[in-house]
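# Residue-level structure breakdown
So the chains spell out like this:
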Amino acid sequence: LALTETWLTGRPEDGPVLSNLLPPGYLIISEPRGSRGGGTAVIYRNTIPVKHNHGSQSPQRSFELLECTISLATCIRLCIIYRPERTRQQCSGTTFLEEFSEYLSSAVTSPGELLILGDFNHHVDDCRDPRARIFLQMLNDFNLKQHVTCPTHRSGHTLDLVICSADCHLISSCSALDSGFPDHFPVFIDTCLEKPHSTKKLVKYRKIKEITEAALSECICSSPLLCDATSTTSLAEQVDCYNTGLSETLDRLAPLRTKVITERHNCAWYTEEIRAAKQSRRAAERRW
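What counts, and where the lines are drawn
Residues numbered from 1 in each chain as written. Predicted model: local features only at pLDDT ≥ 70, side-chain atom pairs only at ≥ 80, totals over all residues. Heavy atoms only, no water. Helix = DSSP H or I, 4+ residues; strand = E, 2+ residues; numbered from the N terminus. Rg over C-alpha atoms; globule rule 2.2 N^0.38 Å. Contact = heavy atoms within 4.5 Å. Areas by Shrake-Rupley, 256 points an atom, 1.4 Å probe, with all protein chains shown as cover. Lys, Arg positive; Asp, Glu negative; His and termini not counted. Charge placed at Lys NZ, Arg CZ, Asp CG, Glu CD. Phe/Tyr/Trp six-rings, centres within 6.5 Å; stacked < 30°, edge-to-face > 60°. Lys NZ or Arg CZ within 6 Å of the ring centre and 35° of its normal. Buried < 20%, exposed > 50% of the residue type's maximum accessible area, 1.4 Å probe, protein only. Axes fitted to C-alpha atoms, helices over the stretch in contact; angles between N-to-C directions. Parallel < 35°, antiparallel > 145°, perpendicular 65-115°, else oblique. Left-handed = near helix turned anticlockwise from the far one by under 90°. Nonpolar A, V, L, I, M, F, W, Y, C, P; charged D, E, K, R; others polar. Pairing = 2+ DSSP bridges. Core = buried A, V, L, I, M, F, W, Y, C linked by side-chain atoms within 4.5 Å. Expected span 1.5 Å × (residues − 1). Arc of directions from axis to C-beta. Polar contact = N/O pair within 3.5 Å; in protein donor to acceptor, adjacent residues only side chain to side chain. Patch = residues over 30% accessible without salt bridge, like charges linked within 9 Å, V, L, I, M, F, W, Y side chains within 5 Å. Salt bridge = Lys/Arg side-chain N within 4 Å of Asp/Glu carboxyl O.

### Brief notes about the overall build of the chain
- When helices and strands are counted, the chain shows seven helices and 13 strands.
- Over its C-alpha trace the chain gives a radius of gyration of 30 Å, far above what one expects of a compact globule, namely 19 Å for 288 residues.
- Along the first, second and third principal axes, the C-alpha set of the chain runs to 100 × 50 × 35 Å.
- A separation of at least 24 residues holds for 59% of the contacts in the chain among residues at least 6 apart in sequence.
- Accessible surface, the chain: about 18300 Å² in total, of which carbon and sulfur atoms supply 53%.
- Considering the chain, the positive charge centre built from 32 side chains and the negative charge centre built from 34 side chains are found 5 Å apart.

Structure below.
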């Protein structure tokens, strides 16, 4: 989820906001403005490797930028851009076009599929706007394609854009829907990406349930655990004998083994209540 105008500060007081904002199993990378308003961020599932590209570009006066690398089967260079209204007044449209062109000249040659999202505050749907025509021509010169073709603002203009290389097939669909937010509509995109590969890890385990009472009794009877303690045997020596005897018995009857397992994360709807209900159902099935 790419966000602009987060109003996050980057200070500890953001904590309560983030705890309410993030669902379980999700993380956020934020690029606060440093003063009131503005800010960009991306929210993502913690199983997806996302790296914040700190200081990858020189600071811009006319727009705010958050750049990340998403390492999936296809590496994506995600760039979230916010062109604030105040910069439209402080910086001319020419300044933005120059700075954005300079940024694109390096972004299009960087590794990974380029995906640019954000609020550009440009009426790219208005063919009478000369700056909008220059902006779209700039994208064409860099072999980029803008995918949003419907209004993203209640004024009827297209301000929020989705841009990627014209040669790649990263975006399969793009739509904007008035969901009741002020002014801007959220833009939804479907990407043609492979499902991330499940992570694997090495685990250690013992087959405790395979230990029989007879085998356990035999091992304990033949171990030093049942030797008669003499009056000179200290408490520490007796405790050490106890721990050593049980450890050797456990290693003999249920030796430690290792195996590689695939980590599978539950869906968001799979709650602890559902887990408990399934366990109760299985117990009932076994009794039946």
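### Description of the packing of aromatic side chains
- Applying the stated criterion across every chain, the model contains 11 aromatic pairs.
- Summarising the aromatic geometry, the rings of Phe-100 and Phe-135 are spaced 5.7 Å apart at their centres and angled 25 degrees between planes, so their arrangement reads as stacked. One end of the pair, Phe-100, is in helix H3 (residues 93-107); the other, Phe-135, is in helix H4 (residues 130-141), with 35 residues separating them in the sequence.
- Over the ring of Phe-96 we find Arg-83, and its NZ or CZ is 4.6 Å from the ring centre.
- The aromatic ring of Tyr-205 is capped on one face by Lys-259, whose charged end is 5.0 Å from the ring centroid.

### Topic: the side chain of His-147
- Along the chain, the position of His-147 falls in the loop between strand S8 (144-146) and strand S9 (160-165).
- By relative accessible area, His-147 is classed as buried at 17%.
- Every residue in contact with His-147, bar those within four places of it in the chain, is listed here: Val-162, Cys-164, Ile-171 and Cys-174.

### A look at unusual backbone geometry
- One non-glycine residue with positive phi stands out, namely Trp-7, at about 65 degrees.
- Relative to the helices and strands, Trp-7 is located in the loop between strand S1 (2-4) and helix H1 (15-21).
- Residue class for Trp-7 comes out partly exposed when judged on its relative accessible area of 47%.
- Backbone geometry places Asn-121, a non-glycine residue, at a positive phi of 50 degrees.

### Observations concerning the packing of helix H5 (residues 213-221) against helix H6 (residues 235-253)
- In contact at an axis separation of 10 Å, H5 and H6 are set at 140 degrees when each is read in the N-to-C sense. With respect to each other, H5 and H6 are oriented oblique. For the element pair H5 and H6, the recorded crossing hand is right-handed. Two secondary-structure elements touch here, H5 through Ala-215, Leu-216 and Cys-219 and H6 through Thr-249, Arg-252 and Leu-253.
- Within the contact of H5 with H6, the residues separate by chemical class into four nonpolar, one polar and one charged.

### A look at the sheet that holds strand S3 (residues 40-45)
- Read across the sheet, three strands follow the order S1-S3-S2 without closing on themselves; strand pairing throughout is antiparallel. The open sheet has two free edges, formed respectively by S1 and strand S2 (26-31), since each of these has just one partner strand. The average undirected angle you get between the axes of adjacent strands in this sheet is 20 degrees.

### Brief notes about the nonpolar core
- Judged by nonpolar contacts, the single largest core of 20 residues is most densely connected at Phe-100, Tyr-103, Ile-116, Phe-120 and Phe-135.
- Those elements giving two or more residues to this core turn out to be strand S6 (75-82), H3, strand S7 (113-119), H4 and S9.
- With six residues, H3 is the largest single contributor of residues to this core.
- Sequence-distant contacts of Phe-100, defined by excluding residues within four places in its chain, comprise Phe-63, Ile-81, Ile-116, Phe-120, Phe-135, Met-138 and Leu-139.
- Counting 18 residues, the second-largest nonpolar core is a separate cluster that includes Val-42, Cys-68, Val-162 and Cys-164.

### What to know about H4
- The terminal C-alpha atoms of H4, which comprises 12 residues, lie 16 Å apart, in line with the 16 Å expected from a rise of 1.5 Å per residue.
- Looking at H4, one finds that the buried residues are Ala-132, Phe-135, Met-138 and Leu-139. In an axial view of H4, the angular spread of the buried residues amounts to 120 degrees, which keeps them on one side of the axis. Residues of H4 that are exposed and angled more than 90 degrees away from the buried face: Asn-140 and Asp-141.
- If you check the start of H4, you find a side-chain oxygen 3.0 Å away from the backbone N of Arg-131, and it comes from Asp-129.

### A few points about a positive patch on the surface
- Residues Lys-209, Arg-282, Arg-286 and Arg-287 make up a contiguous surface patch of positive charge.
- By relative accessible area, Arg-287 is classed as exposed at 68%.

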